[in-house]
Structure formats: C-alpha cells, structure tokens
Amino acid sequence: MGNENPLLVTSGLPRFDLIQPEYVVPGVRQVLAEAEQKVKALEENLEPTWEGLLKPLEEMDLPFEYAWSPVGHLLGVKNSEALREAHEEVLPEVVVFSLRAQQSQPIYQGLKAIREGETWDRLDEGQKRVVELRLRAAEHSGVGLEGEAKERFNEIAKELSQIKTDFSNHVLDATKAFELILTDPGAAEGWPQSLRGVAAQSYHQSKKEDEASPEAGPWRITLDYPSFMPFMQHHRGRDDREQVYRAYVTRASEGELDNSGLIEKILKLRKEQSGLLGFATFAELSLDSKMAPDVEAVEKMFEELLLASKLYMKKEFEAIADLAKAEGQTERLAHWDMAFWSERLREQQFDYTDDQLRPYFPLPRVLDGLFGVAEKLFGIRIERVDGDDVPVWHDDVQYFNVFGETGEQIASFYLDAYSRPAEKRGGAWMGDCLSRRWMGDELRLPVAHLCCNGTPPVGAKPSLMSFSEVHTLFHEFGHGLQGMLTTVDYAEVAGIHGVEWDAVEIASQFMENWCYHKETLLGMTSHVETGEPLPEDLFHKICAARTFRAGSLMMRQLGFGIMDIQLYHQHDPEGEASAFDVGRKVTEETSVLSPLPEDRFLCSFSHIFAGGYAAGYYSYKWSEVLSADAFSSFEEAGLEDEGAVKEMGRRFRDTILAQGGSRPPMEVFKDFRGREPSTEALLRHSGLVGESG
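Small disclaimer: the values here were computed from a predicted structure and weren't measured.

Student: Just checking my understanding: could you explain the overall build of the protein for this structure?
Tutor: Per the secondary structure count, the protein includes 27 helices and nine strands. Here the protein has a C-alpha radius of gyration of 25 Å; the compact-globule value for 693 residues is 26 Å, and the two agree. Based on the C-alpha atoms only, the size of the protein along its principal axes is roughly 80 × 60 × 60 Å. Here the contacts in the protein between residues at least 6 apart in sequence split such that 73% fall between residues at least 24 apart. Taking the average place of the 72 positive charges on the side chains of the protein and the average place of its 117 negative ones, the gap between the two points comes to 2 Å.

Below is the structure:
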C-alpha cells in the first residue's frame, strides 16, 4: 500500500474520508517500526538537553497523531466490525511500544539529567512541566521495575488495554441490540413531537423498506440516550417504561456481551499494577497524577456536598410521590416512574415543556449564539468552512475555523452533532485531532473534535435541540476552547494535554453557566417558523428550573463518585464482596430508591472501567467547584457590565484557556481568581444553601 495509505500522511488534516479498515494494520505497523528505530537511535546518541532529547521525543509522537489517533476517533464515531478487528489486531503492538518507550532507561536518565543539570534554569515553565510530566509518566509506566515485576506489569498493561476495548464494544453492542417497536397510535399519546419524530425516523432507518410517520408511527425506541430519556419522561404506559428501564440497567450483563467478569478482572489487574509501582491501591496511583492531593481530600469534598444535598433529595422525592398519588398512581413509586413524574412535576411547577422550547433552539441559531458569546468573552471569531476540501467521516459533520483578535487564524474544529446509534458511541466528548506544535519553522494550529449525540434533523427541519442538548453543546465547546485557545507551543502541555484530569472539566462546566445568562440565551433563540426569540417568561422559568431536583442530581453524581473511589480504594477484589455489592451499598446510601435486584448498572459504567475516569469520577464535582467559583468572579464583576465581563473574559482566556497543562492547575486557578477555590458558589448555583441533613 506504501504511500497510498492515508494513515501515513503527516501533514494537513487526517484523511477521514479515505481511511478504511484495511489501512489500519499495515499503516500502524509501519509507524511502529519507524518509531522503534528512532527510539534506538535516540537512546544511543541522546544529549540531556531540550534540543537533544525532548525535541526528538515530540517529533516521534507526530506520526501517531496521524495514524493511531484517527483510528481511535473513528471507533467512536464510525464503528464497524472490520474497524474493530483491525484495531484489536494492532492494539497489543501499540501498547508494547508505548511501554517500551516509557520504560527506556536511557531516556529516563536523560530526563533526570536535564532536571538536575545546569541547563534546567534556562528552560521556561512549560518546558520544565514537560520534563516533570514525562518523568512521572515513566515512573507510572514501570520504568523502575526489573525482571519478573517488569514482565508482569507489561502483561497487565496489554491485558487491560484489550479488556477496556472489549468492555466498551459490549456496551455499544448491547445498547444497539435492544428495540421496542410501538404501532398503536394511542401508545404515543402525550409524547412530545420531537420524540415522535426521532422514534419514527429510527423505525424507518432500521426497517429500510417500511415507512413511518411521527403522527401515526410505527415508532422505535432504543437505549440510546436521545431516545431512552425522552421516552422515560413522557411515555404513559408504565409497563413499557418498566421494560425499557430494566433493559437499560441490565445492558452488557448477559451472554456474550456480559461485562461482569471483565469488571472483576479490571479491578484485580489495576490493584496488582498499583502494587507493583508501590501504591497500596489504584486510587492512590490515580491521585498521584491529579490535582486533588489524596483520597482524603476527595472524601472531604464528598462529605461537604452530601451534607448540603441529602435533605433536599428526600424532600424532592416526597414532592414527586405526592404528585403521582394525586394523579391516580396507586402503585408505589418505582425506578421507571421517576423520570415520568419528575417531568410532570417540573411542567407543573415551571409551566413549560421541552417541546415548547425545542422550536426556539434550531442548531444553526444556537451555534450563532454560542459563537457570539465566545467572541464577546474571548475576542475570537468563528467561521464555518463550506466546500469539499475538508475531509470528514460523515456528511453531517461540520468544520469551523477560529480567528484571534487581530484577525489571524488560531485554530479549527470539527462538530459531529447528531446521534447515530448504529455506529456512534453514546454521550458527548471533545477530542484532540491535532495539537498545537512547531513543525520545523512552522507553527501548526490546533484542531479539535466536538462530538455530541443530539436530536438529528427530521425531514427538511434543522435539528431542534432540547435545552439539555444546548447545555451539552456549551459544555463540549468549553473543552474545545481550552484545546484551541492555548498559547503553549509544546504539544505535550498545549490545550488539554498535561492538565490534571480533575481540572480538565473547568472550562467546559464554566461555559454551561452562560446558558442561564439572559442576554446570551435570548440571543441564541429564534423560533424555527416565526423567527421570534424565546419569550422572556420562558427564560425566567428555565432559570427557576435550574435548581429543580438539584439535591437528587447532586446525590446521583456523588453516588457515582463514591462508588468509583470505594471500588478502587476500599474494595478488595479478591474478597467475598463483589463490585455489585459495593455498588448496591453506595446506591442505598445516596438514593431514595433501592436498586433493583437485577440492576447491573456497573456493566455499562464505561467511564470508570473503559474510559479515563477510573478512581477519577469525582473529577466532575471537583472541577464543578472550580468552574462555579470561576463564574462567580463574573457575577462579582457584574454580568450586565459589558466592559467588566469582557475584561474578566480575557483574563479567563489568558490563564485557564491559554496556559493549558503548562503549569499546575491550582497555580493557574489562583492566577485567575486570586485565591484557592471554595464550594460556596457551586452550592449557591445549585440552590443547596441553607439546609443540611
């Protein structure tokens, strides 16, 4: 295949339009073979200086950015059996090479020599951070191990890499395998128009020859979130809700797709891996590279937030139970009732429905509003790139260029906005496509991937977004801003690279706050038919509803975080209690309803088993404390004072967004805020101030 292989092109944008599964194995193997030769040559001739060691190491990463990263990205957005097989064939080889490079004694000793040598003081802050992070990564990758311990460590790394991929694929396949087909027009009574449209379109797409209409059906409900959640909120048939809920909480827990055994393996292997590196638990290893100083600090945060939230959760449950009873439900509230009656209570208290809002949020208009906020706060301008010169993996994908205050281009990003359950994983995420770095004499600009699972367009109408989808878009765009507005020129600490995992959500959660800012929200609404902006009374209702069930939602997130820390810190995977026992115990302490006996939620908890959140799920709350505190500085300056907002926005840009991983996050935060963070703003924004229990 030679140079025809698109994975071997190392300039411009990755050729997503040309990459096929058959290119993966030969392309990645060629990159690995060349990288091995470069490592050997470097080991034999390295000089312990920035130019003599760090520069060649950074250049060595470049081919992987074009050959390996796109494969991982396509697994998330264009998954197929052939791509999986190709990925799985070379994955062990990539893991072996990665360990080989990180465990290189000559490179490790070279890095130490730089840190201890006379040139250290001549390096700038970002360069020093690159050296420190590489040293820590080498130590966490077993550079200090020898003989049997090193062999075992490497075996574990390879095995974990494969198991995590299997876990993720099982969740995708189990989600895809379920469908509920409804043909009786009466079954969809009370559904919002958006759910009717999505469910009819889903039916037609899966049964190619059959027609379906939003009004008459048939409708297909799946476990994909844009289908599952609106169904649970609006479907009146209690038995159907029960069936769908049970399918959701037992995903990937049976037959060939059963993740139960993989969970036990992951917990055992990670504990063993940590022990080899001298840590008592995997949580201690995980926190060694986080902003939080130790497990105790994380547990202290849990306690503060639990204390503030528990009583609110109980009161919120009582209000839902009272409404269900008043509306004639005689059965006790079950899990499959919660979303339905919560939504009725929200509609009653705030007098609006999701369907009333959606026509005001067509995606193109929301993007205009989002880009307008970014322009006001950070002085940037964003333009869509039309035409065929941008390689994309799907026709729905859009591409944008970002320009700085003086008009120069500073970054670009892809937006893949819609749900595609057959090939795209659930959730929403931001990923790096290309990092900012010097390539010879040319500064290459960063490119980000922003991926959501929003409601797709139906027929000729654009995507009409729910408010929660707008919220998600702002969140991912916040991540993207940190990736794109970096002013750091070393790829390893530019953008989100090198940012401690528990600080990486600051920018994303910070952007969510603007969804509740009047000028911002009204400015990005335009009724799809009339062009009218969102009525002011609806804006006030959205703001009032911001704290709806805040106690329950806080407790739910805390439950996930506590479960994660307990599994990776207190739990003995060799002991009698199973991971499911731990999960059940934590759920009973942090929820009003006990989990179902057959609940196997952990089997689809990809974040902590297949993703990067193992012993790190607390990061969402840790970052939320930081982001709420950061936003409160704008409140203090005066949100209606345009000059003050602009000045504060530039400060946020020049610290948190620009400096990325080039400095420790607490230092960057203190540069922006002038002090260490406090939980006060988060509790205030959540309406959880004043009571505890």
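This is not the end of the story, as more comes after the structure.
Student: What should I look at first to understand the sheet that holds strand β3 (residues 381-384) in this one?
Tutor: Where strands meet in a sheet, backbone hydrogen bonds hold them as pairs that are either parallel or antiparallel. Spatially, β3-β4-β5-β9-β6 is the arrangement adopted by the five strands of the open sheet, whose pairing is mixed. With one partner strand each, in any of the chains shown, β3 and β6 (429-434) form the two edges of the open sheet. Averaged over all pairs of adjacent strands, the angle between their axes in this sheet comes to 25°, without regard to strand direction. With five bridges connecting them, β6 and strand β9 (residues 447-454) associate as antiparallel partners. Paired with Asp432 across the bridge in β9 is Ala448.

Student: It is not clear to me how the environment of Met563 should be interpreted in this structure. Could you clarify?
Tutor: On the secondary structure map, Met563 appears in helix α21 (residues 550-570). Its relative accessible area of 3% is what places Met563 among the buried residues. Apart from residues no more than four positions distant in its own chain, Met563 is found in contact with Gly583, Val586, Thr587, Phe601 and Leu602.

Student: Would you mind showing me how to read helix α25 (residues 642-659) here?
Tutor: Given 3.6 residues per turn, any residue in an α-helix points the same way as the ones three and four places further on. For α25, which comprises 18 residues, the first-to-last C-alpha distance of 25 Å matches the rise-based estimate of 26 Å (1.5 Å per residue) to within 8%. Approximately 30° is the largest bend angle found in α25, and it occurs at Arg653. Looking at the packing, one finds that the buried side of α25 touches α16 (363-378), α17 (467-484), α18 (506-512), α24 (619-637) and α26 (665-673). Where α25 begins, one side-chain oxygen reaches toward the backbone nitrogen of Gly643, 3.2 Å away; that side chain belongs to Asp641. Where α25 ends, the next residue or the one after it, Gly660, has phi of about 50°, a positive value.

Student: Looking at this model, I keep getting lost on the pairing of strand β4 (residues 398-403). Mind explaining?
Tutor: Taken residue by residue, a regular strand's side chains alternate between the two faces of the sheet. Counting buried residues along β4, six of its six residues qualify, which places the element largely inside the surrounding structure. Burial along β4 is two-sided: the face carrying Gln398, Phe400 and Val402 and the face carrying Tyr399, Asn401 and Phe403 are both buried. As paired elements, β3 and β4 share four bridges and run antiparallel to each other. Residue pairing in the sheet places Glu383 in a bridge with Asn401 of β4. Direction of pairing for β4 relative to strand β5 (residues 409-418): antiparallel, over a ladder of six bridges. Pairing of Phe400 across the sheet is with Phe413, part of β5. Counting the residues between successive antiparallel strands, the hairpin from β4 to β5 contains five residues, one of them, Gly407, with a positive phi of roughly 95°.

Student: I tried to follow the packing of α21 against helix α22 (residues 579-590) on my own but got confused; where do I start?
Tutor: When two helices pack together, their arrangement is captured by the angle between the axes and the distance separating the axes. Where α21 meets α22, the axes come as close as 9 Å, and the angle between the chain directions of the two elements is 150°. The handedness of the crossing between α21 and α22 is right-handed. Residues Met555, Gly559, Ile562, Met563, Gln566 and Leu567 of α21 lie in contact with α22, whose contacting residues are Ala579, Val582, Gly583, Val586, Thr587, Glu589 and Thr590.

Student: Honestly, the state of the cysteines in this entry has me stumped. Any pointers?
Tutor: A covalent bond between the sulfur atoms of two cysteines is referred to as a disulfide. In the structure shown here, the tally under the stated rule is zero disulfides. As a non-bridged cysteine, Cys433 has Cys451 as the owner of its nearest cysteine sulfur, 10 Å distant.

Student: So what exactly am I meant to see when it comes to the side chain of Thr165 here?
Tutor: Turning to its location among the elements, Thr165 is positioned in helix α7 (residues 147-177). Classification of Thr165 by relative accessible area gives buried; the value is 14%. Non-local contacts of Thr165, meaning those with residues more than four positions away in its chain, are made with His87, Glu88 and Leu91.

Student: Looking at this model, I keep getting lost on the packing of aromatic side chains. Mind explaining?
Tutor: Throughout the structure, instances matching the rule amount to 42 aromatic pairs. Relative to Phe634, the ring of Phe510 lies with its centre 5.3 Å away and its plane at 50°, an arrangement referred to as tilted. Taken together, the residues span a long stretch of sequence, with Phe510 in helix α18 and Phe634 in helix α24 at a distance of 124 residues. Classification of Phe634 as buried rests on a relative accessible area of 1%. An aromatic cluster is present here, built from Phe378, Phe510, Trp514, Phe631, Phe634, Phe652 and Phe672 joined pairwise through their rings. Lying across the ring of Phe282, Arg270 places its NZ or CZ 5.2 Å from the centre.

Student: What's the story with the pattern of salt bridges in this structure? I'm lost.
Tutor: Oppositely charged side chains can form a pair if their charged atoms are brought close together. Summed over the entire model, instances satisfying the criterion amount to 50 salt bridges. Of the charged contacts, one joins Asp416 and Lys424 as a salt bridge, the two residues approaching to 3.1 Å between their closest N and O atoms. No difference in accessibility class separates Asp416 from Lys424, as the two residues are buried. As a salt-bridge pair, Asp654 and Arg653 come within 3.0 Å of each other at their nearest N and O atoms. When its relative accessible area of 42% is taken as the criterion, Asp654 is described as partly exposed. The class for Arg653 is buried, based on a relative accessible area of 18%. Bridged by salt links that share partners, the residues Glu125, Arg663, Glu667 and Asp671 form one connected network.

Student: Quick question: what am I supposed to make of the environment of Phe282 here?
Tutor: Its place among the elements puts Phe282 in helix α12 (residues 282-287). The spatial distance from the C-alpha of Phe282 to the C-alpha of His607 is 15 Å, given a sequence separation of 325 residues. Beyond its immediate sequence surroundings of up to four residues, Phe282 is in contact with Arg270, Gln273, Ser274, Tyr568, Ala614 and Ala615.

Student: Help me out: how do you make sense of the packing of α25 against α26 in this one?
Tutor: Direction vectors running N to C along α25 and α26 enclose 175°, while the axes themselves pass 9 Å from each other. As the angle between them shows, α25 and α26 are arranged roughly antiparallel. Residues Met648, Arg651, Phe652, Thr655, Ile656 and Gln659 of α25 lie in contact with α26, whose contacting residues are Val668, Phe669, Asp671, Phe672 and Arg673. Each residue belonging to the contact of α25 with α26 can be placed in one class, and the counts come to six nonpolar, two polar and three charged.

Student: Looking at this model, I keep getting lost on the nonpolar core. Mind explaining?
Tutor: One broad rule of soluble globular proteins: the nonpolar side chains tend to lie buried together. Of all hydrophobic cores here, the largest spans 204 residues; its most connected members are Phe413 and Phe609. Counting residues per element, this core draws most heavily on helix α13 (residues 295-326), at 13 residues. Discounting chain neighbours no more than four positions away, the residues touching Phe609 are Lys164, Phe167, Ile263, Ile266, Leu267, Arg270, Leu567, Tyr568 and Leu602. Residues Leu180, Leu195, Ala247 and Ala334 belong to the second largest nonpolar core, which totals 24 residues.

Student: Please explain α22 as it appears in this structure.
Tutor: When the terminal C-alpha atoms of α22 are compared, their 17 Å separation across 12 residues agrees well with the 16 Å that a helix rising 1.5 Å per residue should span. Inspection of α22 places Ala579, Phe580, Val582, Gly583, Val586 and Thr590 among the buried residues, and these make up the whole buried set. Viewed end-on, α22 has its buried residues packed into an arc of 155°, placing them on one side of the element. In this fold, the buried residues of α22 make contact with α11 (260-276), α13 and α21.

Student: Where do I start with unusual backbone geometry in this structure?
Tutor: Residues other than glycine predominantly adopt negative phi, and peptide bonds predominantly adopt the trans conformation. Along the chain, Gly217 connects to Pro218 via a cis peptide bond; the corresponding omega equals -10°. For Asp351, which is not a glycine, the phi torsion comes out positive at approximately 55°. In this structure, Asp351 sits in the loop between α14 (335-350) and α15 (354-357).

Definitions and limits used
Residues numbered from 1 in each chain as written. Predicted model: local features only at pLDDT ≥ 70, side-chain atom pairs only at ≥ 80, totals over all residues. Heavy atoms only, no water. Helix = DSSP H or I, 4+ residues; strand = E, 2+ residues; numbered from the N terminus. Rg over C-alpha atoms; globule rule 2.2 N^0.38 Å. Contact = heavy atoms within 4.5 Å. Lys, Arg positive; Asp, Glu negative; His and termini not counted. Charge placed at Lys NZ, Arg CZ, Asp CG, Glu CD. Pairing = 2+ DSSP bridges. Axes fitted to C-alpha atoms, helices over the stretch in contact; angles between N-to-C directions. Buried < 20%, exposed > 50% of the residue type's maximum accessible area, 1.4 Å probe, protein only. Expected span 1.5 Å × (residues − 1). Bend = angle between axes of the 7 residues up to and from the residue. Polar contact = N/O pair within 3.5 Å; in protein donor to acceptor, adjacent residues only side chain to side chain. Left-handed = near helix turned anticlockwise from the far one by under 90°. Disulfide = S-S within 2.5 Å. Phe/Tyr/Trp six-rings, centres within 6.5 Å; stacked < 30°, edge-to-face > 60°. Lys NZ or Arg CZ within 6 Å of the ring centre and 35° of its normal. Salt bridge = Lys/Arg side-chain N within 4 Å of Asp/Glu carboxyl O. Parallel < 35°, antiparallel > 145°, perpendicular 65-115°, else oblique. Nonpolar A, V, L, I, M, F, W, Y, C, P; charged D, E, K, R; others polar. Core = buried A, V, L, I, M, F, W, Y, C linked by side-chain atoms within 4.5 Å. Arc of directions from axis to C-beta.

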